[in-house]
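Results of the structural survey
The primary structure of each chain is shown beneath.
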Amino acid sequence: MSNTLKKVYIETLGCQMNKSDSERIYGILSNFNYVPCANENEADLCIVNTCSIRKLSEDKAYSKLGVWGKLKKEKSLKIGICGCVAQQEGEKLLKRFPYVDLVFGTQNIYELPELIDKKTRVCAIREKPVAESDFNIIRTKSLNAWLPIIEGCNNFCSYCVVPYTRGRERSRIPQVIINEAKNILKEGFKEITLLGQNVDSYGKDLAEKPTLAGLLREIELLEGDFRIRFTTSYPTDITDELIETVKNSKKICECFHIPMQSGSDRILKAMNRRYDRKTYGELVKKIRNNIKNVTITSDFIAGFPSETHQEFEMTLSAIDEFELDYSNTAAYSPRPNTPAAKWIEKYVDENEKKHRLAVLNEKVKQMSLKSNNKYVGCELEVLVENFKDGKFEGRTRNNKVVHFQGENTKIGDFVNVAIDKASTWCLFGVKK
Ligand code: SAH
Ligand code: SF4
Ligand code: F3S
């Protein structure tokens, strides 16, 4: 191998797990003479780390490849594609995009060193993961670190591609996670977010049966001033032990991301979700009764096959009834391999779907403003993350963005801010 440094650019299109993978890929490649670069035009190797959750995200990956295909006519460039679309499409990508050199799946990251120097075009897709190896991780944010604890999903919701692109649930062993957390703190990070498609399933596949709550308590014991977050939770898997742990903790933030997907029991059943509206409501109530100032956020899908107007309205009323603080939203998108994609005769009309999404987004906006208004007049702890246009910017423990003025403040500080104003997406205030 030559010693000249080469530049690698990764375009990351997916969820936090996907972003965390990119940090690992940068890290692995750094052991093989590649340095990250921020500009694709300067790169010797461009990789698109893809997401397949909706058709829109898949299409974004292909248009990126198109741009790089043109770039490759002007200069020497290696092009790679990885992530969930790569896992799903495999070899087909080499045929469809003749300028692509490298395709690797979600379970092939630790094989990269062998793949990267191949002189021929390669496609490496594994069903089962290779054991992770000890490489650097080049984290892209400076205060908030992602820490995957479990990958994969066993739930097979009828609309979702993730079980096919990430495989079955696999937990990392507690000691590996704790060691990674220690390193994160040593590097000066102030916030650790534990990641998994279903974080509450953590440990079920391990012999010792560790739990998310136990893991959180162990991380809490590590020395230093820092926050801990975790995402994403499946409604029926949140235990009383977890709620109790968050309640009693000083470091774990008061935030639960618990996607509900629909407010209609019939649609929830068709989605193969294992709870109904009533159970979801009871969970939300229990969390709110136990944890002060807790934020509960969700995901909803508009226009799932066969969803009637009335059923859609039940989603809107659920957001009101449970006073959800925020939600991600999406129009239903048929995905390869998933059962719901086959119910073509039940598809909701495209325009109707778009209309429902717009109505849903309007509802989320209202709820977000209502939630933010609750904090006007309160004093909240903020982690300072940025300074822009003469104001500091940071987030509260319950994940609200705050813009504020203050003296003797620097990025990375924890400060108390008196909130004097709220808008739909953020809070405003003055440092105390
Ligand atoms: N594991 C999490 C969600 C992971 S995917 C959970 O169970 O809730 C993130 C979100 O994408 C989902 O919550 C869902 O709202 C949305 N999503 C997944 N598949 C989708 C599809 N085919 N069409 C539209 N939205 C989808
Ligand atoms: Fe997808 Fe359902 Fe698994 Fe979430 S729980 S990743 S929505 S299959
Ligand atoms: Fe997308 Fe894969 Fe994450 S499909 S949401 S990048 S797990």
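Parameters at a glance
Residues numbered from 1 in each chain as written. Chains lettered and ligands numbered in written order. Predicted model: local features only at pLDDT ≥ 70, side-chain atom pairs only at ≥ 80, totals over all residues. Heavy atoms only, no water. Axes fitted to C-alpha atoms, helices over the stretch in contact; angles between N-to-C directions. Helix = DSSP H or I, 4+ residues; strand = E, 2+ residues; numbered from the N terminus. Parallel < 35°, antiparallel > 145°, perpendicular 65-115°, else oblique. Left-handed = near helix turned anticlockwise from the far one by under 90°. Contact = heavy atoms within 4.5 Å. Nonpolar A, V, L, I, M, F, W, Y, C, P; charged D, E, K, R; others polar. Near = heavy atom within 4 Å. Domains from an automatic or database assignment. Buried area = accessible area lost by both parts, 1.4 Å probe. Salt bridge = Lys/Arg side-chain N within 4 Å of Asp/Glu carboxyl O. Pairing = 2+ DSSP bridges. Expected span 1.5 Å × (residues − 1). Buried < 20%, exposed > 50% of the residue type's maximum accessible area, 1.4 Å probe, protein only. Arc of directions from axis to C-beta. Phe/Tyr/Trp six-rings, centres within 6.5 Å; stacked < 30°, edge-to-face > 60°. Lys NZ or Arg CZ within 6 Å of the ring centre and 35° of its normal.

In the contact formed by helix 8 (residues 212–220) and helix 9 (residues 240–248), the axes pass within 8 Å of each other and the chain directions differ by 20°. Judged by the inter-axis angle, helix 8 sits roughly parallel to helix 9. In this structure, helix 8 crosses over helix 9, and the sense of that crossing is left-handed. Residues Leu-212, Ala-213, Gly-214, Leu-216 and Arg-217 of helix 8 form the contact with helix 9, whose own contacting residues are Glu-241, Leu-242 and Thr-245. A class-by-class count of the residues in the contact of helix 8 with helix 9 yields 4 nonpolar, 2 polar and 2 charged.

It is worth spelling out the site of ligand 2 at this point. In the neighbourhood of ligand 2, the contacting residues comprise Cys-153, Asn-155, Phe-156, Cys-157, Tyr-159, Cys-160, Val-162, Pro-163, Asn-198, Tyr-234 and Arg-273. Here the residues of the shell around ligand 2 sort into 8 nonpolar, 2 polar and 1 charged.

Attention shifts here to the domain arrangement of the chain. According to the domain assignment, the chain consists of domain 1 (6–124), domain 2 (144–373) and domain 3 (379–431). Contacts between domain 2 and domain 3 engage 25 residues on the former and 19 residues on the latter. Surface buried jointly by domain 2 and domain 3 totals about 1,600 Å² across both partners, of which 46% is contributed by carbon and sulfur atoms. If you sort the residues of domain 2 by the area they bury against domain 3, Lys-190, Arg-227 and Asn-372 come out on top, with a joint share of 37%. Inspection of the domain 2/domain 3 interface yields 3 salt bridges. Mapped onto the side of domain 2 that touches domain 3, the elements with two or more residues apiece are strand 11 (227–231) and helix 13 (350–373). By residue number, the principal contributor to the side of domain 2 that touches domain 3 is helix 13, which donates 7 residues. The residue makeup of the side of domain 2 that touches domain 3, split by class, is 7 nonpolar, 8 polar and 10 charged.

The 5 strands are arranged 15-16-17-19-18 in a closed barrel whose pairing can be described as mixed. In this sheet, adjacent strand axes meet at a mean angle of 50° when their direction is disregarded. As paired elements, strand 15 (residues 379–388) and strand 18 (residues 414–422) share 5 bridges and run antiparallel to each other. The residue of strand 18 that forms the bridge with Glu-381 is Asn-416.

As a further point, take helix 11 (residues 277–290). A rise of 1.5 Å per residue sets the reference length of helix 11, with its 14 residues, at 20 Å; its end C-alpha atoms lie 20 Å apart and thus fit the reference within 8%. All of the buried residues in helix 11 are Arg-277, Tyr-280, Gly-281, Leu-283, Val-284 and Ile-287. Down the axis of helix 11, the smallest arc covering the buried residues is 160°, so these residues share one side. Summarising the geometry of helix 11, the exposed residues directed more than 90 degrees from the buried face are Lys-278, Lys-285 and Asn-289. If you follow the buried residues of helix 11, they end up packed against helix 9, strand 12 (255–257), helix 10 (265–270), strand 13 (295–302) and helix 12 (309–321).

All right, on to the packing of aromatic side chains then. Under the criterion given, the structure shown has 16 aromatic pairs. Measuring from centroid to centroid gives 6.3 Å for Tyr-9 and Trp-68, while their planes differ by 85°, and the two rings are edge-to-face. Of this pair, Tyr-9 sits in strand 1 (residues 6–12) while Trp-68 sits in helix 2 (residues 55–74), and the two are 59 residues apart along the sequence. It is Lys-346 that lies over the ring of Trp-343; its NZ or CZ is 5.7 Å from the centre. The lysine or arginine in question, Lys-421, covers the ring of Phe-428, its NZ or CZ lying 4.7 Å from the ring centre.

Looking now at the site of ligand 3. Lining the immediate surroundings of ligand 3 are Gly-14, Cys-15, Asn-18, Thr-50, Cys-51, Ser-52, Ile-53, Cys-84, Arg-166 and Gln-197. Residues belonging to the shell around ligand 3 are distributed by class as follows: 4 nonpolar, 5 polar and 1 charged.

Between Thr-231 and the following residue, Thr-232, the backbone shows a cis peptide bond with an omega angle of 10°. Residue position: Thr-232 is located in the loop between strand 11 and helix 9. Of note, Asp-389 is a non-glycine position whose phi angle comes to about 45°, a positive value. Within the fold, Asp-389 resides in the loop between strand 15 and strand 16 (391–396).

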